[in-house]
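Structural overview for review
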Amino acid sequence: MDGEKDIFDSALKVNEGIEQPSIVNEHFLKNLPKRKPQLTAEEYADGIIGGNRTLLSQAITLIESTLPKHEELAQSVLEMCLPHTGKSVRIGITGVPGVGKSTFIEAFGKYLTNGGHKVAVLAIDPSSQRSKGSILGDKTRMEELSQDLNAFIRPSPSAGSLGGVARKTRETVLLCEAAGFDVIIIETVGVGQSETAVHSMVDFFLLLMLSGAGDELQGIKRGIMEMADAILINKADGDNKQRALLAKAEYQNALHLFPPTESGWYPKAETCSAYTREGIDKVWGMIDEYLMMVKENGYFHKRRKYQARRIMIETIENELLEHFYQTKGVQKAIADYGKAIEADQISSYVAAHRLLELYLKK
Ligand code: GDP
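Residues numbered from 1 in each chain as written. Predicted model: local features only at pLDDT ≥ 70, side-chain atom pairs only at ≥ 80, totals over all residues. Heavy atoms only, no water.

Taking 1.5 Å per residue, 14 residues should reach 20 Å; helix α6 (residues 101-114) reaches 19 Å between its end C-alpha atoms and fits that length. With 11 of 14 residues buried, α6 is to be regarded as a mostly interior element. For α6, the set of buried residues is Lys 101, Ser 102, Phe 104, Ile 105, Glu 106, Ala 107, Phe 108, Gly 109, Lys 110, Leu 112 and Thr 113. Immediately beyond the C-terminal end of α6, within one or two residues, lies Gly 116, with a positive phi of roughly 95 degrees. (Helix = DSSP H or I, 4+ residues; strand = E, 2+ residues; numbered from the N terminus. Expected span 1.5 Å × (residues − 1). Buried < 20%, exposed > 50% of the residue type's maximum accessible area, 1.4 Å probe, protein only.)

Quick look at the structure:
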């Protein structure tokens, strides 16, 4: 064991009894500028309602924070902003990666701001990994829109469960509305559960597709097609234009086969090129037509009220679940009962009821 001895005798060894000097110079600490005091809920709310983008961003950060004192402050800000919310059009956009969502939102967003609208772009992307350099995190995408003073782009809250991320996005929508944004776009990647979450918080749901790729290839489930108020075939330019028009006709036929929607609206298929920006105006025309119809027939308000009720139920469900799992002793009991189930000592139902009893008695 000579080699080992050598290492211990070498300079790599830390000698005991020698104190390291403090890394922080105390003099430096004394001269640090005092941290700005935290703004009050009123100050945030007044700023947001007055259109202050910096305060809007900071308040969204509070919403995304998991610190209890931030959560409390964020809830007070939200409450004060509530009377100023609800006046926007909320549009959900989905489609597989590569279909052109960012490019489309850039083109569509610019079209809207040029028309005098104020546009906020949010995202739901619960897979935290993607948010690093992802859909909206990457500044080089939507370059033009991100420099537009009438647009506000906010990447997805990166951490947490879909339920948590969805809640934060919903609250962010309210803050953006209070700040005067009248079109809110919520983007999601069309590959998972998040479409359902987005669908449940918007007035109009737009599905972006490509021509020439089978539905399977595009990873779009039938259920998502059924949720769509419109299917937009993107990249209808150059050699692709003819194919896109054919795909439009096919999708239009397919949409007719779905049962009529409660809104009375027949979902439409359209083509556009986010690249050349051809057809972008038609998309807004279609959304406008939809809005006029559902506002007149009462479905718009009915749906918003239904969504608000769903939020109450979902909040209860989420918080109960969270409370259950965080109750002291529950995690260990679940593990123990799990083993007992595997060893055929107890049935799953009996175990579940005992766990619930344990929780309710606490
Ligand atoms: P996302 O992943 O859905 O956000 O898709 P991107 O917006 O990043 O677009 C993916 C690729 O398709 C990029 O290289 C875009 O330049 C390209 N692209 C997007 N829209 C169009 C379009 O309308 N026509 C053409 N030809 N290319 C497009």
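So, next bit.
Right, let's talk about the site of the ligand for a bit. Around the ligand there are 15 residues in total, and Gly 98, Lys 101, Thr 103, Arg 141 and Asp 237 lie nearest to it. Note that an oxygen atom of the ligand is positioned 2.5 Å from one of the side-chain N or O atoms of Thr 103. Contact distances for the ligand include 2.8 Å between an oxygen atom and a backbone N or O atom of Ala 274. When the ligand is considered free in solution it has 570 Å² of accessible area, and contact with the protein chains removes 74% of it. Partitioning the shell around the ligand into residue classes produces 5 nonpolar, 6 polar and 4 charged. (Near = heavy atom within 4 Å. Polar contact = N/O pair within 3.5 Å; in protein donor to acceptor, adjacent residues only side chain to side chain. Areas by Shrake-Rupley, 256 points an atom, 1.4 Å probe, with all protein chains shown as cover. Nonpolar A, V, L, I, M, F, W, Y, C, P; charged D, E, K, R; others polar.)

Let's shift gears to the packing of aromatic side chains. Overall, the coordinates contain 8 aromatic pairs when judged by the stated rule. When the ring of Phe 104 is compared with that of Phe 108, the centres are 5.2 Å apart and the planes differ by 15 degrees; the resulting orientation is stacked. Here Phe 104 and its partner Phe 108 are both found in helix α6, 4 residues apart, which amounts to about one turn of the helix. The class of Phe 108 is buried, set by a relative accessible area of 0%. Ring centres 6.5 Å apart and planes at 70 degrees place the aromatic pair Phe 204 and Trp 265 in the edge-to-face group. Residue Phe 204 is found in strand β5 (residues 204-209), and its partner Trp 265 is found in the loop between α11 (240-257) and β7 (268-271); the two are separated by 61 residues along the sequence. Each member of the pair, Phe 204 together with Trp 265, is buried. (Phe/Tyr/Trp six-rings, centres within 6.5 Å; stacked < 30°, edge-to-face > 60°.)

Another point: unusual backbone geometry. Phi at Lys 235 is positive, roughly 65 degrees, even though this residue is not glycine. Assignment of secondary structure puts Lys 235 in the loop between β6 (230-233) and α11. Given a relative accessible area of 33%, Lys 235 falls into the partly exposed group. Residue Arg 277 is not a glycine yet carries a positive backbone phi of 70 degrees. Assignment of secondary structure puts Arg 277 in the loop between β7 and α12 (280-296). Among the residues examined, Arg 277 registers a relative accessible area of 33% and is labelled partly exposed.

On their own, these measurements won't tell you what the molecule is for.
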